[in-house]
Amino acid sequence: MRTLDDLVGEGVTGRRVLVRADLNVPLDGSTIGDDGRIRAVLPTLVRLRDGGARVVVMSHLGRPKGAPDPKYSLAPVAERLAELLGSATAFATDTVGGSAKSTVDGLGAGQVAVLENLRFNPGETSKDDAERADFATRLAGFGESYVDDAFGAVHRKHASVYELARLLPHYAGGLVLSELDVLGKLTGNPPRPYVVVLGGAKVSDKLAVIKALLPKVDALLVGGGMCFTFLKAQGHGVGDSLLEADQLDNCRDLLRSGKIMLPTDIVVADRVADDAEAHTVPATGIPDGLKGLDIGPASVTAFADVLSTAKTVFWNGPMGVFEKTPFAAGTRGVAEAITKVDGFTVVGGGDSAAAVRQLGLDESAFGHISTGGGASLEYLEGKPLPGVEALGE
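Residues numbered from 1 in each chain as written. Predicted model: local features only at pLDDT ≥ 70, side-chain atom pairs only at ≥ 80, totals over all residues. Heavy atoms only, no water.

K.L.:
Just checking my understanding: could you explain the overall build of the protein chain for this structure?
P.N.:
Counting its secondary structure elements, the protein chain contains 15 helices and 19 strands. Since a compact globule built from 393 residues should have a radius of gyration of about 21 Å, the 22 Å found for the protein chain is in line with a globular shape. Across its three principal axes, the protein chain shows a C-alpha extent of roughly 65 × 45 × 40 Å. The buried share of the protein chain, reckoned over its 393 residues, is 54%. Element-wise, carbon and sulfur atoms account for 49% of the exposed surface of the protein chain, whose accessible area totals about 15,400 Å². (Helix = DSSP H or I, 4+ residues; strand = E, 2+ residues; numbered from the N terminus. Rg over C-alpha atoms; globule rule 2.2 N^0.38 Å. Buried < 20%, exposed > 50% of the residue type's maximum accessible area, 1.4 Å probe, protein only. Areas by Shrake-Rupley, 256 points an atom, 1.4 Å probe, with all protein chains shown as cover.)

Here's what the structure looks like:
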């Protein structure tokens, strides 16, 4: 696999370099809630810019339906990128149309442009190979080399991730390489005890990774909305909590491993709001009419005790609805316990990474914070990652 080092070593002055970045940041109108993904790709962009390349940045944002949608525009992201780069950044108001062509044609050496949201074009995510290939061919016309530094998208067989890499000389960016290195350590023979913490809403979303990890870990701690299906599988009442009834048998099978640890107390309320009246109840009997929205303080202590002995930790998924103040303590407590681990700790991207930043935790206290939640999980499941496969060709 050729790398950014190889590309820069060849010389990039004046060369048009297409960079697939993952700038899929949370937006509230034009306000960016967390710019971590923008910051993550900066080293690659700075290196190419300072080397004199004409840099064309591509990304998706959200899930538009293959057509322009103002609420998913990358314009605010391009503005923030310019601030972080400390230099002007051109912005094309389309993906492969007239604005994109004139913007790319106008780039000088050491200048950066951002194309509009790739998913505004139906060819980006099309299930039709020919349609994706056509879009990728049009994108390839803007560049002479291609760099993929969007680890959060490498598990998608999308035009800008898979087909485009096969049309141009292609290179792995530093972010992709570092992510693969970290996850490779987790799938090899990591120092033990190896503890995994999983949260998030649904068991079905994490079922494959749980099955893949259980034989390899010493303990798997489960919180978040997914814990209620496990609790129900044990015969406990879960009130109005999130429940996937079709996953009960799967949960019973997984619990037989003896490695899964569930919460012993739950923070409940009748609604999800900052002013909700929350209180703690035993996990063995959540009253009807109430929803479980966070793990309780005794569970945090128990999880922290297990984590205190760990030498390797992988965490993916919050312990509760951390965005709301009454339900943030579980995620904060577990995250703080992970920062105290004397060993190798990995935050598996997605909502976990967002929680670290939103709760004001010290990012440097974690060994690695991934930029790709879904990609991280699929790698740990052992699934092939189309973007990585394309870079290896």
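Past the structure itself, the notes keep going.
K.L.:
Please clarify how helix 2 (residues 36-50) should be interpreted in this entry.
P.N.:
Quick reminder: α-helices carry 3.6 residues per turn. Residues three or four places apart thus point the same way. Helix length check: helix 2, at 15 residues, gives a terminal C-alpha distance of 22 Å against a target of 21 Å (1.5 Å per residue), a fit within 8%. Along helix 2, the residues classified as buried are G36, I38, V41, L42, T44, L45, L48 and R49. Positive backbone phi, approximately 95°, marks G52, located one or two places after helix 2. (Expected span 1.5 Å × (residues − 1).)

K.L.:
I'm lost on the environment of D205 in this one. Help?
P.N.:
One can find D205 in helix 8 (residues 203-213). Taking the C-alpha atoms as reference points, D205 and L220, 15 residues apart in sequence, are found 16 Å from one another.

K.L.:
In this structure, what is going on with the environment of R15? I would like to understand it.
P.N.:
Relative to the helices and strands, R15 is located in the loop between helix 1 (4-10) and strand 1 (16-20). Classification of R15 by relative accessible area gives buried; the value is 19%. Between the C-alpha atoms of R15 and S59, which are 44 residues apart in sequence, the distance is 20 Å. If near-sequence neighbours (up to four positions away) are discounted, R15 is found in contact with L7, E10, A53, R54, E144, S145 and Y171. (Contact = heavy atoms within 4.5 Å.)

K.L.:
Got a minute to help me understand the packing of helix 11 (residues 297-307) against helix 12 (residues 329-339) in this structure?
P.N.:
Helices that pack against each other are described as a pair by the angle of their axes relative to one another and the distance between those axes. Orientation of helix 11 relative to helix 12, taken along the N-to-C sense of each, is 15°, at an axis distance of 9 Å. Taken together, the axis directions place helix 11 and helix 12 in an arrangement best described as roughly parallel. At the point where helix 11 passes helix 12, the crossing takes the right-handed sense. For the pair helix 11 and helix 12, contact is made by V300, F303, A304 and L307 and by A329, G330, G333, V334, A337 and I338, respectively. Per-class residue counts for the contact of helix 11 with helix 12 are eight nonpolar, two polar and no charged. (Axes fitted to C-alpha atoms, helices over the stretch in contact; angles between N-to-C directions. Parallel < 35°, antiparallel > 145°, perpendicular 65-115°, else oblique. Left-handed = near helix turned anticlockwise from the far one by under 90°. Nonpolar A, V, L, I, M, F, W, Y, C, P; charged D, E, K, R; others polar.)

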